[in-house]
Amino acid sequence: MDGTKLRVRPRTDDDVEACVRALAEVHHRDGYPVNWPARPGEWLVREAVLGSWVADLDGRVAGHVSLCRAGEGDLAPVLWSERNGTSGEQAAVVGRLFVAPRARGHGIGALLMARAVEEARQRGLHPVLDVVASDTAAAALYDRLGWTRLATVGQRWSADQVVTIHCYSA
């Protein structure tokens, strides 16, 4: 990898500020997240977290991913469980995935996804995710990694915002 040092490790409280800076770059460039959170650090450190990881590239936080229990509004766990005749509680939701623009092209997104999937499997859970349809780069990553698109649906996020979502299963 041309002398670059890349590693994926558990996120610590000390990483959150650097993650927020990287997320702000991603939001500015790609529009993710669609609605910038009032408290981005809290948005990253959401409830029901089974694990969160960062990718370090040459000692700097370059990407992030979390694995969580299904929450209200998560469509993929419902679709996956209906399709497989099981409970949505057997699913784990991959989320908060982003790679800083400066760090793209090193396979960081795939490495972070692999870590989240590994954690889900170790816990006996099936990884799923929801992604905004306009995030074509993320959808292309999930397709490349062999994830199955379960459905594309409209989801009401507020009284005046309906967003098209792709639901995926590993």
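What you see is a predicted model, and the numbers here were worked out from it, not measured in a lab.

Caption draft 1: Examining the nonpolar core more closely. Membership of the largest hydrophobic core comes to 28 residues, with the highest contact counts inside it found for V94, I108, M113, L129, Y142 and W147. Sorting the residues of this core by element identifies strand 2 (49-57), strand 3 (60-69), strand 4 (91-99), helix 4 (108-122), strand 5 (126-132) and helix 5 (136-144) as the ones contributing at least two each. Ranked by residue count, the leading element in this core is helix 4, at 6 residues. Residue contacts for L129: discarding those within four places in its chain leaves A76, V94, M113, Y142, W147, H166, C167 and Y168.

Caption draft 2: A look at unusual backbone geometry. Look at the link from Y32 to P33: it is a cis peptide, with omega at -5°. Within the element layout of this structure, P33 appears in the loop between helix 1 (16-30) and helix 2 (40-44). A positive phi angle is found at D58, which is not glycine, with a value near 55°. Residue R96 is not a glycine yet carries a positive backbone phi of 55°. Tracing the backbone through its elements, the reader meets R96 in strand 4. Accessibility expressed as a relative area gives 14% for R96, which makes it buried.

Caption draft 3: A look at the sheet that holds strand 2. Strand order in the open sheet formed by 7 strands is 1-2-3-4-5-7-6, with mixed pairing between adjacent strands. Where the open sheet ends on each side, the last strands, each with one partner, are strand 1 (6-10) and strand 6 (148-158). Taking each pair of neighbouring strands and ignoring which way they run, the sheet shows an average axis angle of 25°. Inspection of the sheet shows strand 3 paired to strand 4 by 6 bridges, in the antiparallel sense. Of the residues in strand 4, the one forming a bridge with G63 is V99. Sitting on the sheet, helix 1 is in contact with strand 2, strand 3 and strand 4, with an inclination near 75° to strand 4.

Caption draft 4: Geometry of the layout of surface pockets. Reported here for the largest pocket is a volume of approximately 1300 Å³. What lines the largest pocket is a set of 47 residues, and nearest its centre among them are Y32, W43, R96, L97 and D130. Every element with two or more residues in the lining of the largest pocket is listed here: helix 1, strand 4, helix 4, strand 5, helix 5 and strand 6. In terms of residue count, strand 4 provides more of the lining of the largest pocket than any other element does, 7 residues in total.

What counts, and at which threshold
Residues numbered from 1 in each chain as written. Predicted model: local features only at pLDDT ≥ 70, side-chain atom pairs only at ≥ 80, totals over all residues. Heavy atoms only, no water. Core = buried A, V, L, I, M, F, W, Y, C linked by side-chain atoms within 4.5 Å. Buried < 20%, exposed > 50% of the residue type's maximum accessible area, 1.4 Å probe, protein only. Helix = DSSP H or I, 4+ residues; strand = E, 2+ residues; numbered from the N terminus. Contact = heavy atoms within 4.5 Å. Pairing = 2+ DSSP bridges. Axes fitted to C-alpha atoms, helices over the stretch in contact; angles between N-to-C directions. 1 Å grid on protein atoms, 1.4 Å probe; cavity = no way out; pocket = protein on both sides within 12 Å on 5 of 7 lines; lining within 4 Å. Points joined across faces, edges and corners; volume = space filled by probe spheres on them.

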